[in-house]
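Next come the chains, spelled out residue by residue.
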Amino acid sequence: MAAPPDAELSSALSLELLPTDPLLLIFSFLDYRDLVSCCYLNQRLNQLSSHDPLWKRHCKKYWLISEEEKIRRNQSWKAIFISTYSDLGRYIHYYATLKKAWDDLEKYLGQWCPRMISSLKESAREEDLDAVEAQIRCKLPDDYRCSFRIHNGQKLVVPGLMGSMALSNHYRSEDLLDIDTAAGGFQQRLGLKQCLPLTFCIHTGLSQYMALESVEGRNKYEIFYQCPDQMARNPSAIVMFITGTSYLEWFTSYVNKVVTGGYPIIRDQIFRYVHDKKCVATTEDITVSVSTSFLPELSSVHPPHYFFTYRIRIEMSKDALPEKTCQLDSRYWRITNAKGDVEEVQGPGVVGEFPVISPGNVYEYTSCTTFSTTSGYMEGYYTFHCLHYKDRFFNVTIPRFHMVCPAFKVSTA
């Protein structure tokens, strides 16, 4: 008597009869959760899901474990995944992104700012982070905790990891605070309720804060600079210049700016000038480029006073003829705010100097301006005279460059 069709199908699809290689190929597309689940279904699936090469992809994807690290640890890929998960499992959706950011930053600092490497602290322990949560009675976001499991901020030193800014009479350099120092600065006062400092400048007292709860007009985990509202009757009223919507976004976007050369390295420090690649103008053999930065610590929303600094680079092509050597005599600026109001400024030299530019030579200087509006732009020209042909004068274009205040909101304190 012939077997029923269903029985034949069941026999043909028996898991024990299916070849191993196609099953392993299918398993290679499964996430780690599915592989773990398969371990508990039956003996065959347990054997297949324990196939060590299957765990290699997950170790690299989630924990960034290299072949060299595996050899050093002398464990199987599955054992490495499980042991790492037991320690860092709650951070599995953040760890790879933050670890790569830290690795990229350390590699870059090692090349350009080596003394800053020694200021980084070792990782915080899980119990240290738990203790801080108990102390401040607020939960820390997992992306913040994850980053501090990699590096517990830095020592209070100069220069600061989170960037510097300098003018003739003003200097700022922000350290990334370690967890204990940050907890010591946790705010419960009106205007900054349940805000944790992330950075600190020992020269200005400036910090960037992260809101641990949605209170006083802030969104949970928003990151900002505080700015006193000088026109409010309530001294606790502040304006917040927003610098990030989450710790992950705030930290990784900063690191990306650093390691891609978006911020210049000046005197072994990261300077937070932003350069628009379109903001370059070449006149004959001279190229002028501009980068800008907003200074929250010198700005105010009420009354409106927005402070910007700009850094200008003047360079003569190395292929220019020696007789093209020239000296800067004067400058002309046309400054326009967001309302269309125009101010013209003309004067001798730049920052009290009359630089000589020769083939391959670069001259850089820093200056500043303020607007009564949240944005504005500047443009103009320099007047040079040739040193070889003393009666020859010519103008060099300064490209238009825009300055825009970051988004801000008023506290409801």
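Residues numbered from 1 in each chain as written. Predicted model: local features only at pLDDT ≥ 70, side-chain atom pairs only at ≥ 80, totals over all residues. Heavy atoms only, no water.

### So, the UniProt feature "domain: ApaG" (unreviewed entry) in the protein chain
Then, in step 1: Using the residue numbers shown here, the UniProt feature "domain: ApaG" (unreviewed entry) corresponds to residues 280-410.
Then, in step 2: Taken end to end, residues 280-410 comprises 0% helix and 63% strand; its first and last C-alpha atoms sit 36 Å apart. (UniProt positions renumbered as here; feature names shortened; annotations may be inferred. Helix = DSSP H or I, 4+ residues; strand = E, 2+ residues; numbered from the N terminus.)

### Description of the side chain of Gln187
Then, in step 1: Here Gln187 lies in the loop between α12 (179-184) and β4 (195-197).
Then, in step 2: Relative accessible area serves as the criterion here: at 15%, Gln187 is assigned to the buried category.
Then, in step 3: A distance of 2.9 Å separates a polar atom in the side chain of Gln187 from the backbone oxygen of Gly185.
Then, in step 4: Those residues in contact with Gln187 that sit more than four places away from it in its chain are Leu192, Lys193, Gln194, Cys195 and Tyr209. (Buried < 20%, exposed > 50% of the residue type's maximum accessible area, 1.4 Å probe, protein only. Polar contact = N/O pair within 3.5 Å; in protein donor to acceptor, adjacent residues only side chain to side chain. Contact = heavy atoms within 4.5 Å.)

### Quick look at helix α2 (residues 20-27)
Residue pairs spaced three or four apart in an α-helix point in one direction, given the helix's 3.6 residues per turn.
Then, in step 1: Of all the residues in α2, the buried ones are Leu23, Leu24 and Phe27. One side of α2 carries all its buried residues, which in axial view fall inside an arc of 100 degrees. Turned more than 90 degrees from where α2 packs its buried face, Asp21, Leu25 and Ile26 sit exposed.
Then, in step 2: Looking at the buried side of α2, the elements it contacts are α3 (32-38), α4 (43-49) and α5 (53-63). (Arc of directions from axis to C-beta.)

### Focus: unusual backbone geometry
Then, in step 1: Of note, the bond from Val158 into Pro159 is cis; its omega dihedral lies within 30 degrees of zero at 5 degrees.
Then, in step 2: Relative to the assigned elements, Pro159 resides in the loop between α11 (142-150) and β1 (164-167).
Then, in step 3: Note the cis peptide between His302 and Pro303, where omega equals 0 degrees.
Then, in step 4: In this model, Asp268 sits at a positive phi of 65 degrees, which is unusual for a non-glycine residue.
Then, in step 5: Structurally, Asp268 is set in the loop between β9 (265-266) and β10 (269-270).
Then, in step 6: Even without being glycine, Glu284 reaches a positive phi, approximately 55 degrees.

### Section: the pattern of salt bridges
Then, in step 1: As enumerated under the stated definition, the model contains 30 salt bridges in all.
Then, in step 2: Across the pair Arg145 and Asp130 runs a salt bridge whose closest N-O atoms are separated by 2.9 Å. With Arg145 in helix α11 and Asp130 in helix α10 (residues 126-136), the pair connects residues that are 15 residues apart, well separated along the chain.
Then, in step 3: Owing to a relative accessible area of 0%, Arg145 belongs among the buried residues under this scheme.
Then, in step 4: Note that Arg400 and Glu379 form a salt bridge whose closest N and O atoms lie 3.1 Å from each other. Placement of the pair is Arg400 in strand β19 (residues 393-404) and Glu379 in strand β18 (residues 375-386), with a sequence separation of 21 residues.
Then, in step 5: One connected set of salt bridges, linked through shared partners, spans Asp87, Arg90, Glu126, Asp130, Glu133, Lys139, Asp142, Arg145 and Arg149. (Salt bridge = Lys/Arg side-chain N within 4 Å of Asp/Glu carboxyl O.)

### Some details on a nonpolar patch on the surface
Then, in step 1: Nonpolar side chains collect at one region of the surface, where Leu156, Val158 and Ile202 lie side by side and expose about 240 Å² of accessible area between them.
Then, in step 2: The residue Leu156 is located in the loop between α11 and β1 in this model. (Patch = residues over 30% accessible without salt bridge, like charges linked within 9 Å, V, L, I, M, F, W, Y side chains within 5 Å. Areas by Shrake-Rupley, 256 points an atom, 1.4 Å probe, with all protein chains shown as cover.)

### A word on the environment of Cys38
Then, in step 1: Secondary-structure assignment places Cys38 in helix α3.
Then, in step 2: C-alpha of Cys38 to C-alpha of Pro303: the two residues are 265 residues apart in sequence and 64 Å apart in space.
Then, in step 3: Setting aside its immediate chain neighbours within four residues, Cys38 contacts Phe27, Leu30, Leu45, Asn46 and Ser49.

### Focus on the sheet that holds strand β20 (residues 408-410)
Then, in step 1: Read from one edge to the other, the open sheet built from five strands follows the order β4-β6-β7-β8-β20, with strand pairing classed as antiparallel. Each end of this open sheet is capped by a strand with a single partner; those strands are β4 and β20. Each neighbouring strand pair of the sheet contributes to a mean axis angle of 40 degrees, computed without reference to strand direction.
Then, in step 2: Judged from the three bridges that link them, strand β6 (residues 208-211) and strand β7 (residues 223-228) form a sheet pairing that is antiparallel. The residue bridging Gln208 from the neighbouring strand is Tyr225, located in β7.
Then, in step 3: Sheet strands touched by helix α13 (residues 247-259): β6, β7 and β8 (238-244). Its angle to β8, the strand with the most contacts, is close to 65 degrees. (Pairing = 2+ DSSP bridges. Axes fitted to C-alpha atoms, helices over the stretch in contact; angles between N-to-C directions.)

### Observations concerning the packing of aromatic side chains
Then, in step 1: Summed over the entire model, instances satisfying the criterion amount to 28 aromatic pairs.
Then, in step 2: Residues Tyr32 and Tyr85 carry aromatic rings whose centres are separated by 5.8 Å and whose planes lie at 50 degrees to one another, so their mutual orientation is tilted. With a gap of 53 residues between them, Tyr32 in helix α3 and Tyr85 in helix α7 (residues 77-88) connect regions that are remote in the sequence.
Then, in step 3: With a relative accessible area of 36%, Tyr85 lands in the partly exposed category.
Then, in step 4: Taken together, a centroid distance of 6.0 Å and an interplanar angle of 25 degrees make the contact between Tyr209 and Phe224 stacked. Separated by 15 residues along the polypeptide, Tyr209 in strand β6 and Phe224 in strand β7 bring together distant segments of the chain.
Then, in step 5: Its relative accessible area of 8% is what places Tyr209 among the buried residues.
Then, in step 6: A residue is classified by how much of its surface remains accessible, and Phe224, at 0% relative accessible area, is buried.
Then, in step 7: In this structure, Arg392 packs its charged tip against the face of Phe394, placed 4.9 Å from the ring centre. (Phe/Tyr/Trp six-rings, centres within 6.5 Å; stacked < 30°, edge-to-face > 60°. Lys NZ or Arg CZ within 6 Å of the ring centre and 35° of its normal.)

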